[in-house]
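Below, each chain spelled out in residue letters.
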Amino acid sequence: MGWANGFWRFLFGNNDSEFPENGLEGLTTLVREAKVPGLAVTVLHRGEVVLNQGLGYAHLGDKILIDTQNTLFRIASVSKPITGLALAQMVREGLLDWDDSVYEYVPDFPRKAHDISLRQLASHTAGIRGYKGIEYGLNRPMTLAEGINLFQDDPLLFEPGTDYLYNSFDFCLLSLAMQNASGMPFPEYVSQKVLLPLGLEKTQAEIKNELPESTAHFYTRFKNGFKSAIPVDNGYKLAGGGYLSTSWEVAQLGQALLDGHIPQDSITEEMLRSQTVQGRSVYYGMGWQVSSDTQGRPFVGHVGNGVGGYSVFYVYPEQQMVFSILINCTNPRVEVALNDFVDTTIRELFPSV
């Protein structure tokens, strides 16, 4: 074992496997230089652990170490692939269809100049606006139906299907439609039909003031250090950014896709097919980013950024690799370092790629 592996295992927690020093160094530097309070990283190759390690702290004041299998993080928009899987399951069960009108399930949503389909909501091509001001950090309890009031009276920014605008309000409306179509509370359907069947027992909806003890403290980075993140209530936007999970379970979600535990049928294929606008790819399916990295390697997954949490979830089908990186800090602006880590790791295992 190299010096870096040994030292960081001793100081920051367990590492389930040997790992190239030059790959791990990029992540340990983020903790050493106080760019993140802590992070959990899980990397799998063909289902085998390449790296499974916590770095830094879940709670700085109490010096609580991060456990990749138990420490819960806000996974922010990595919640969207979970919602995509639930939507696909509803299509599979015949509860709804990709191209159904949202008004079929949410008839009280104010009529716009153009119809809006569930596909357009799930692929961010519906024309609904994004956050304004501090809407990203609201701290009041709202049901799914109440959350729609934030944007329901605003005009569409473009005719649905003619452009792409990434936002979480799409998923607020989508989840309300899904809830009404299934006749079950949205989180209950997701738990019964997606999370538990895949063995993701720790992944759960965040309920304010009812956080499990294993939840990491949420931070925001300032010039003079880390401070507790502002309090927020993410209940109304659960589908787009309100789940908690561990790096291990997020990685298991990706592995389930590679292993076929998620049905390998035309419905999953459609979920993971990049949608197009006027003949151009938007590099997004239904709840999943569908893209390629800087080296041209295809991947699916998502990046998440929310109050007190930042997340990276990549599944590389050709390399049969899964990357899960969770950080307990509002946008720490370390995406370059994280992507460098992913690239270095792949190069170590596939020198010719």
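So, how was this worked out
- Residues numbered from 1 in each chain as written.
- Predicted model: local features only at pLDDT ≥ 70, side-chain atom pairs only at ≥ 80, totals over all residues.
- Heavy atoms only, no water.
- Helix = DSSP H or I, 4+ residues; strand = E, 2+ residues; numbered from the N terminus.
- Rg over C-alpha atoms; globule rule 2.2 N^0.38 Å.
- Buried < 20%, exposed > 50% of the residue type's maximum accessible area, 1.4 Å probe, protein only.
- Contact = heavy atoms within 4.5 Å.
- Areas by Shrake-Rupley, 256 points an atom, 1.4 Å probe, with all protein chains shown as cover.
- Lys, Arg positive; Asp, Glu negative; His and termini not counted.
- Charge placed at Lys NZ, Arg CZ, Asp CG, Glu CD.
- Patch = residues over 30% accessible without salt bridge, like charges linked within 9 Å, V, L, I, M, F, W, Y side chains within 5 Å.
- Salt bridge = Lys/Arg side-chain N within 4 Å of Asp/Glu carboxyl O.
- Axes fitted to C-alpha atoms, helices over the stretch in contact; angles between N-to-C directions.
- Parallel < 35°, antiparallel > 145°, perpendicular 65-115°, else oblique.
- Nonpolar A, V, L, I, M, F, W, Y, C, P; charged D, E, K, R; others polar.
- Pairing = 2+ DSSP bridges.
- Expected span 1.5 Å × (residues − 1).

An unreviewed UniProt entry lists the protein under the name Beta-lactamase-related domain-containing protein, from Sediminicola luteus.

Draft legend 1. Spatial organisation of the overall build of the protein. Helix and strand counts for the protein stand at 11 helices and 14 strands. For a compact globule of 353 residues, the expected C-alpha radius of gyration is about 20 Å, and the protein comes in at 20 Å, within 12% of that figure. Its C-alpha atoms put the protein at 60 × 45 × 35 Å along the principal axes. Across the 353 residues of the protein, 57% fall into the buried class. Taking contacts inside the protein between residues at least 6 apart in sequence as the whole, the part at least 24 apart equals 67%. When the accessible surface of the protein is totalled, it reaches about 14,700 Å², and 50% of it is carbon and sulfur. For the protein, the separation between the mean place of its 26 positive charges and that of its 39 negative charges on side chains is 7 Å.

Draft legend 2. Spotlight on a nonpolar patch on the surface. A cluster of nonpolar side chains, contributed by Tyr131, Ile134, Tyr136 and Ile230, occupies part of the molecular surface with about 410 Å² of accessible area. As for its position among the elements, Ile230 is in the loop between strand S7 (225-228) and helix H8 (238-241).

Draft legend 3. Expanded view of the packing of helix H3 (residues 79-93) against helix H7 (residues 186-195). Two elements in contact, H3 and H7, have axes whose closest approach is 10 Å; the angle formed by their N-to-C orientations is 80°. Here H3 lies roughly perpendicular to H7, going by the angle between them. Contacts between H3 and H7 involve Ile82, Thr83, Leu85, Ala86, Gln89, Met90 and Glu93 from the first element and Phe186, Tyr189, Val190, Lys193, Val194 and Leu195 from the second. Split into classes, the residues belonging to the contact of H3 with H7 amount to nine nonpolar, two polar and two charged.

Draft legend 4. How the structure looks around the sheet that holds strand S4 (residues 73-74). Strands sit in the order S4-S8-S5 across an open sheet of three strands; the sheet is antiparallel. Every interior strand has two partners, whereas the edge strands, S4 and strand S5 (204-205), have only one. Where S5 and strand S8 (residues 243-245) come together, two bridges link them in antiparallel fashion. Across the sheet, the residue bridging to Ala205 is Tyr243, located in S8.

Draft legend 5. H3, seen in detail. An ideal rise of 1.5 Å per residue puts 21 Å on 15 residues; H3 measures up with 21 Å between its terminal C-alpha atoms. Most of H3 sits inside the fold, with 13 of its 15 residues counted as buried. Positioned one or two residues after H3, Gly94 has a phi angle of 80°, which is positive.

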